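# Inside the fold
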Amino acid sequence: MEFFVNNILITVLLPLWVVLTIISGVFFKYAENRKLTALLTLFSTFIGMIFALCILKYTHSTLTAPVETNYLWFGFQNINFYLGTYTDKISSVFLAILMIISFIVQLYSYGYMKNKEDFNRYFVYLNLFNFSMTGLILSTNLLQMYVFWELVGVISYLLVGFYYKKEDVSLSAKKVFIINRIGDCAFLLGIIMLSYFSIFILNISDGSFLMFSSSNTFLKEVSESAYPVIWNIILLLLIIGAIVKSAQFPFQQWLIEAMKAPSPVSALIHSATMVCMGIFLIIRIYPLLTPYILKLIIIIGLITALFNAFIAISQNNIKKMLAYSTSSQLGFMFTALGLGFLPIAIIYLVIHSFTKALLFLNAGQIEMICNTLNMNETPPLRKYNINLAILWLISALSLSGLFFGGFNSKELLLNSLHNSGNNIILFLILLTSFFSAFYIFKAYFFIFETDFGNKNITVEKDFKITSAMMLMSVFVILPGFIFKLSNLNLLCAISVIIGIIAVFNAYICAKSNKIFLPAFLLKLSCKELYIPEIYNFISSVFLKFTKLFFYIEKFIFDFISEITAKIIQKISLIISRIQNGNIQSYISYSLFTTGVIFMILVLSYIFMRGV
Amino acid sequence: MFNITLLHYLILALILFFTGFIGLITSKNTIKILIFIEIMMSAINLNFIAFTTFKNYIFLTGMVFAVFITAISALQSAIAIVLIYLIYKNKETMKSEEIEEIKG
Amino acid sequence: MESIFVPLLIFIPIIGSLLIMSPIFSDNEKQIRHTAKLFALLHFIISVFSIIFFNNEYTFQLNGFNIFGISSSFRIDILSMLLIVLTSFIFVISIFFSKETIKKSQKLYYSLILFLETSIIGIFSASDMILFFLFWELELIPMYLLILKWGSANREKTALKFILYTFLGSIFILIGILLLYVFNYLYTNTLTMDMFAINTYLMDEPVKNIIFILFFIGFGVKIPIIPFHNWLSDTHSQAPSPVSIILSAILLKIGAYGFIRFNFTLLNEAFDKYALIIMIFALINIIYASFCAIHQKDLKRIIAYSGISHMGIFLLGLSALNEAGTLGAIFQLFSHALITAGLFTIAGIIYHKCGTKNIIRLKGIGSKMPKLMMISIPIILGAIAVPLTSGFIAEFLCFLGAFFNISDTAKLITAIALLSMIFSSVYILKIFHGIFFGELQKKYYKLKDINSNSFAILLTLAGYIIFFGIFPFIIFNAIQGGF
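The rules behind each value
Residues numbered from 1 in each chain as written. Chains lettered and ligands numbered in written order. Predicted model: local features only at pLDDT ≥ 70, side-chain atom pairs only at ≥ 80, totals over all residues. Heavy atoms only, no water. Helix = DSSP H or I, 4+ residues; strand = E, 2+ residues; numbered from the N terminus. Rg over C-alpha atoms; globule rule 2.2 N^0.38 Å. Buried < 20%, exposed > 50% of the residue type's maximum accessible area, 1.4 Å probe, protein only. Contact = heavy atoms within 4.5 Å. Areas by Shrake-Rupley, 256 points an atom, 1.4 Å probe, with all protein chains shown as cover. Lys, Arg positive; Asp, Glu negative; His and termini not counted. Charge placed at Lys NZ, Arg CZ, Asp CG, Glu CD. Buried area = accessible area lost by both parts, 1.4 Å probe. Polar contact = N/O pair within 3.5 Å; in protein donor to acceptor, adjacent residues only side chain to side chain. Nonpolar A, V, L, I, M, F, W, Y, C, P; charged D, E, K, R; others polar. 1 Å grid on protein atoms, 1.4 Å probe; cavity = no way out; pocket = protein on both sides within 12 Å on 5 of 7 lines; lining within 4 Å. Points joined across faces, edges and corners; volume = space filled by probe spheres on them. Salt bridge = Lys/Arg side-chain N within 4 Å of Asp/Glu carboxyl O. Pairing = 2+ DSSP bridges. Phe/Tyr/Trp six-rings, centres within 6.5 Å; stacked < 30°, edge-to-face > 60°. Expected span 1.5 Å × (residues − 1). Axes fitted to C-alpha atoms, helices over the stretch in contact; angles between N-to-C directions. Parallel < 35°, antiparallel > 145°, perpendicular 65-115°, else oblique. Left-handed = near helix turned anticlockwise from the far one by under 90°. Core = buried A, V, L, I, M, F, W, Y, C linked by side-chain atoms within 4.5 Å. Domains from an automatic or database assignment.

Attention shifts here to the overall build of chain A. On a plain count of helices and strands, chain A comes out with 24 helices and two strands. A globule of 611 residues ought to have a C-alpha radius of gyration of about 25 Å, yet chain A, at 32 Å, is considerably larger. Dimensions of chain A, computed from the C-alpha atoms along their principal axes, are close to 120 × 65 × 60 Å. Expressed as a percentage of the 611 residues in chain A, the buried residues total 58%. Within chain A, contacts between residues at least 6 apart in sequence are counted, and of these 80% link residues at least 24 apart. About 25000 Å² of surface is accessible on chain A, with carbon and sulfur atoms providing 71% of the total. If the 40 positive side-chain charges of chain A are averaged to one point and the 26 negative ones to another, these points end up 6 Å apart.

The secondary structure content of chain C amounts to 19 helices and two strands. The globule rule puts the C-alpha radius of gyration for 483 residues at 23 Å, and the 22 Å found for chain C is close to it. Expressed as lengths along the three principal axes of its C-alpha atoms, the size of chain C is roughly 75 × 60 × 40 Å. Counting over 483 residues, chain C shows a buried share of 67%. Carbon together with sulfur atoms contributes 68% to the accessible area of chain C, which is approximately 15700 Å² in total.

It is worth spelling out the interface of chain A and chain B at this point. Listed as interface residues are nine residues of chain A and, on the opposing side, 12 residues of chain B. Summed over both partners, the interface of chain A with chain B buries about 890 Å², with 61% contributed by carbon and sulfur atoms. If you look at where chain A meets chain B, you find three residue pairs in polar contact (both at pLDDT 80 or more). Among the residues forming the side of chain A that touches chain B, the class breakdown is three nonpolar, six polar and no charged.

To continue, consider empty space enclosed by the protein. Residue and element names in this part refer to chain A. Summed over the entire model, instances satisfying the criterion amount to 11 cavities of 30 Å³ or more. Estimates place the volume of the largest cavity at around 70 Å³. Together, Q329, Y348, I351, H352, T355, S398, L399, G401, G406, S409 and K410 line the largest cavity. Elements that contribute at least two residues to the lining of the largest cavity include exactly α15 (342–370), α16 (386–399) and α17 (404–420). Ranked by the residues each element gives to the lining of the largest cavity, the list is headed by α15, at four residues. Here the residues of the lining of the largest cavity sort into three nonpolar, seven polar and one charged.

So, about the interface of chain A and chain C. Each side of the interface is counted separately: chain A has 53 residues, and chain C has 63 residues. Summing the contributions of chain A and of chain C, the shared interface buries around 5100 Å²; its carbon and sulfur component is 75%. Contact with chain C buries area across many residues of chain A, yet A:W73, A:Y164 and A:R181 alone supply 13% of it, more than any other trio. There are three salt bridges connecting chain A and chain C. For the salt bridge of C:K363 with A:E167, the shortest nitrogen-to-oxygen distance reads 2.9 Å. Linking chain A with chain C are 21 residue pairs in polar contact (both at pLDDT 80 or more).

Residues and elements named next belong to chain C. Position of K253 among the secondary structure elements: in helix α10 (residues 241–266). Although K253 is buried, it makes no salt bridge; E139 carries the closest opposite charge, 13 Å away. A distance of 3.3 Å separates a polar atom in the side chain of K253 from the backbone oxygen of S248. Setting aside anything within four residues of it in sequence, one finds K253 in contact with F124, S248, M311, L333, H336 and A337.

Moving on: the pairing of strand β2 (residues 79–87) of chain A. Within β2(A), seven of the nine residues are buried, which leaves the element mostly enclosed by the surrounding structure. Linking strand β1 (residues 67–76) of chain A to β2(A), which pair antiparallel, is a turn of two residues; within it A:Q77 sits at a positive phi near 50°.

By volume, the largest pocket is sized at about 1700 Å³. Considering the residues around the largest pocket, the lining is formed by 50 residues, among which A:V19, A:I23, A:V124, C:M374 and C:I375 are closest to the centre. When residues of the lining of the largest pocket are traced back to their parent elements, those giving at least two are α2 (9–28), α5 (119–137) and α6 (142–160) of chain A together with α14 (370–384) and α18 (452–470) of chain C. For the lining of the largest pocket, the class distribution of residues is 34 nonpolar, seven polar and nine charged. Volume-wise, the second largest pocket comes out at about 1400 Å³. Residue lining of the second largest pocket: 45 residues in total, with A:K175, A:I178, A:S539, A:F542 and C:V426 positioned closest to the centre. Within the residue set of the lining of the second largest pocket, elements represented by two or more residues are α7 (167–201), α10 (253–257) and α23 (531–575) of chain A together with α16 (408–418) and α17 (420–436) of chain C. If you tally residues by element for the lining of the second largest pocket, the top one is α7(A), at 11 residues. A class-by-class count of the residues in the lining of the second largest pocket yields 29 nonpolar, nine polar and seven charged.

Moving on, we get to the packing of aromatic side chains. Applying the stated criterion to the full structure yields 77 aromatic pairs over all chains. Look at A:F119 and A:F123: their rings are 4.8 Å apart centre to centre, the planes differ by 40°, and that puts the pair in the tilted class. Of this pair, A:F119 and A:F123 are both found in helix α5, four residues apart, which corresponds to roughly one turn of the helix. A network of ring pairs unites the aromatic residues A:W73, A:F74, A:F81, A:Y146, A:W149, A:F187, C:F331, C:F392, C:F396 and C:F476 as a single cluster.

Before going further, it helps to spend a moment on helix α18 (residues 423–449) of chain A. The first and last C-alpha atoms of α18(A) sit 38 Å apart over 27 residues, in line with the 39 Å expected at 1.5 Å per residue. The element α18(A) is largely enclosed, with a buried count of 20 among its 27 residues.

All right, on to the packing of helix α1 (residues 5–21) of chain C against helix α4 (residues 106–125) of chain C then. Residue and element names in this part refer to chain C. It is the contact of α1 with α4, at a shortest axis distance of 8 Å, that shows an interaxial angle of 165°. One element, α1, and the other, α4, form an angle in the roughly antiparallel class. Every pair of crossing elements has a handedness; the one defined by α1 and α4 is left-handed. Residue-level contacts link L9, I10, P13, I14, G16, S17, I20 and M21 of α1 to K107, L108, Y110, S111, L114, F115, E117, T118, I121 and S125 of α4. Split into classes, the residues belonging to the contact of α1 with α4 amount to 11 nonpolar, five polar and two charged.

Residue and element names in this part refer to chain A. In this structure, L142, I285, W392 and I440 are the most contacted members of the largest nonpolar core, which totals 416 residues. Shared between two domains, this core holds at least three residues of each, these being domain 1 (290–517) and domain 2 (527–578). The contacts of W392, once residues within four sequence positions are left out, are I318, L359, N362, A363, I366, I440, A443, Y444, I447 and F448.

Spelled out as structure tokens, the structure:
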């Protein structure tokens, strides 16, 4: 078992090898066929999966302390920065999620991309994503985490812009990258401030100031020092990075724009793995957080959860609704983290990842069949493909917390909330669960049961796609029987009843094609709380502001150069009029000058003599 | 009458010089320019001779120099006449304001 | 044995230049190109050898004369050595790339390029200040001719503006050099023009401040620092593409080199006093240039403004006055040279194939040129400073060093300068999306993908960007060992 932990670097580097193989294959044209690409990718992910599962078992049973290896990257004076691997319980859980979902999504993609072009480029990106994500999960310190954090953002940008020939995809990819960049910028500033703070103020000089393993000793030193404001600012910057990456309240726009990516990409990146990295960061730096920051996390989590669920109930685009749903569920996890329930947050994350991934894969299949992502335009798919319906139902039941895995996680969350006495938060969570159940079942009824006229479908069965989705559903159903329930009581019953009422509401809504909300609330929800408009407004203000500098450049600096040149030209034109060809004028000028010089000499001589 | 001193001769030479100069720069006929140059030369001659005379003939270099100036001015006007004749043959004009080839 | 390297490094290109220009040389274009490539590669190999055998410094005296302190002595220490290797590499890239875009008067072109290489290597290796100034002025001549004869539409005016503007800057450098000479004589009674032998510790503070300001203006024209930057965008836009590569990758670095040698090393007390002001200039460079770049429509102008922004990061790291900042600043010189060479190569390829530099008219080329799009991704990521590219290490160390500075305003300046990460991604992605993404237009249906020559050049550059991003310690050990 130790073999797997000691050689964990293989999981990081194997996808890179596959990338190089694919690229050289395309370049030298010896292995351009798609089968080899897909098989190599699946093989590397499979090896990674085996590693991850063995490490998971090992860390949860016999391992006592985390295994850490560090390689020096660069350094100066006595400050060194490292890259390395850090294996403990948390990273093994995330690694397992990544590898399993990645394997299933790659299997699905093999079937999904079968008839599309740019197959090799897609799998190159998927492998690079595996590489960066593994590096991120196994990182030992904040700087390495930042490195792979940005790399994951870049891969996500490249994958969102995969269909680059379309104009709106190009624009969305830009927005995704720039909004992610804002978070990265704050994160980097936080790292720099943290380095300064620990080296110069706290005088830690052994180079371990960014390491996760030294977090516990760090906290003691922090609490002994008297710099609460700076410490809170540093933590705030790091948390902003996490908030942006996990698409929490002001920054969820990038996740909505990222839905232009192919559906398997959405399943992999934007629901299950990359967006959970904000939560991962907070878990890693948890011993450092102060009560203020924790309160902030709770508030942002709650706002996100409630508002995004509220927006999702009126969306008609399937993937957009799922994106808002992802953001909302992540808000749940943030709330749990802020209250201190780390194991609950992790369990919720595990279950949510599989559930949401299955929903996105389902959405991809729906798009392939009906050629549309609008739930109003799909024919009643239950008649054509009962598999999809069953799978959607399974994941819907899990997402709304009625059955399977979601039930366990929601019940854990509600019980801990009640036991710790946060009843307002409990109420808000219940309200949001009502919305969650409502929108996911509304989607079910709209897609699979109702018929609004569009009969244009192409039915094709692909074994890989179906098998991938079945495999994923196993992972959705299984946690329901693995994770033990804590306490079946009245609270669970209330939440189940709320869920059933929401399902009923959804059924009525689907039948009458109308949502029962006051008109202005409905408008707010449809317009996504006007957040895209606010983003457009901010960016247009920014562009106008920078245009000022462009005008300064054009009208001041260019003007100065032009004016200098013109003035000198004019002066030279004026002076050159002296030379007019008339010799008599030359004679008079020379005599005049001679006279002047002579006068100066004589006067100065007289003056000197006089003095 | 009063005594005629060196100063009077110098002032005469000055007036003569400036007359020649003003005529030089304002005359339109090129031959007139030559004549005015001659007037300036004679003013300079007068200057030298006046200095020699009124300093009691101690340094005769002034006289010698006056002789040189006269000789050379004669030569110079001979060459100038030839040049003006050639310009006249080329450009058909005697007006100095029409000869303005050297300009910037 | 080692002292043979210096004259070889300096004089091989000019021998090549004279050889190509001489009437006995053939007029066959292919032979001219091959000779030029041969000389450039030979020079690169010699520079690599000389850095492998580098011990502490190389010195070389030509003729051994000494008139009033002016000698012709060359001295290469570690900073010069690294920059010379960089220069010869960029010239190799540029000469290989010239095959694509330069079609007329190739004899004159290649001899001018090699002559330019001599003058730049001379700047990096001269230790006598008058010799330094001689080479500094000497590079203006081939640049002027290169822009004048092979440039784009507006080239006469631009070439004239370039040469007059930089010449005006060099006047300040000359006055500074003469002042250093005079005051060194006044205080130590020795006539010397050697920049390593000038003793500035004995000079009074007002004198040093004035000399500092003079050098600041003089080198600030070349770096460029914002009030003196106006020549840059026009020149980069109108110059032919290989010359743009050399211009942005190397000529900005000679300004930085002069800045390090004179202001940072020689006048270091004045530098300590003015460090915060220089940091403010650096901040203006970074932010102002990013803002200007966002609205430009000409492809090469955007890249020129991004160069100004990156050199602002260099200034920020240098004025941080600690080891992290200095390491970051020198690394930024290398990283920026590679990145901007890559960007201008891409711009040159596009301009040559599509005939326009206007981003609005270029759109959707990615469908026809997927190889170009793929190989330009590492270069674009380097310009945005994504980790695992060299741009990130340089930026990170510069910001880290600037933040570690003692004063509080430095920290505030660094915090604002970090926003440049967001702005740089705006305009760099504008280039990338504007060229490659979108629908293919009708007039570009006949485009062919890039040939293997250009691809090899871009692959080398992208490879080095990623290589130095993952293994930066190669350069760091060299700098820390000798500097």
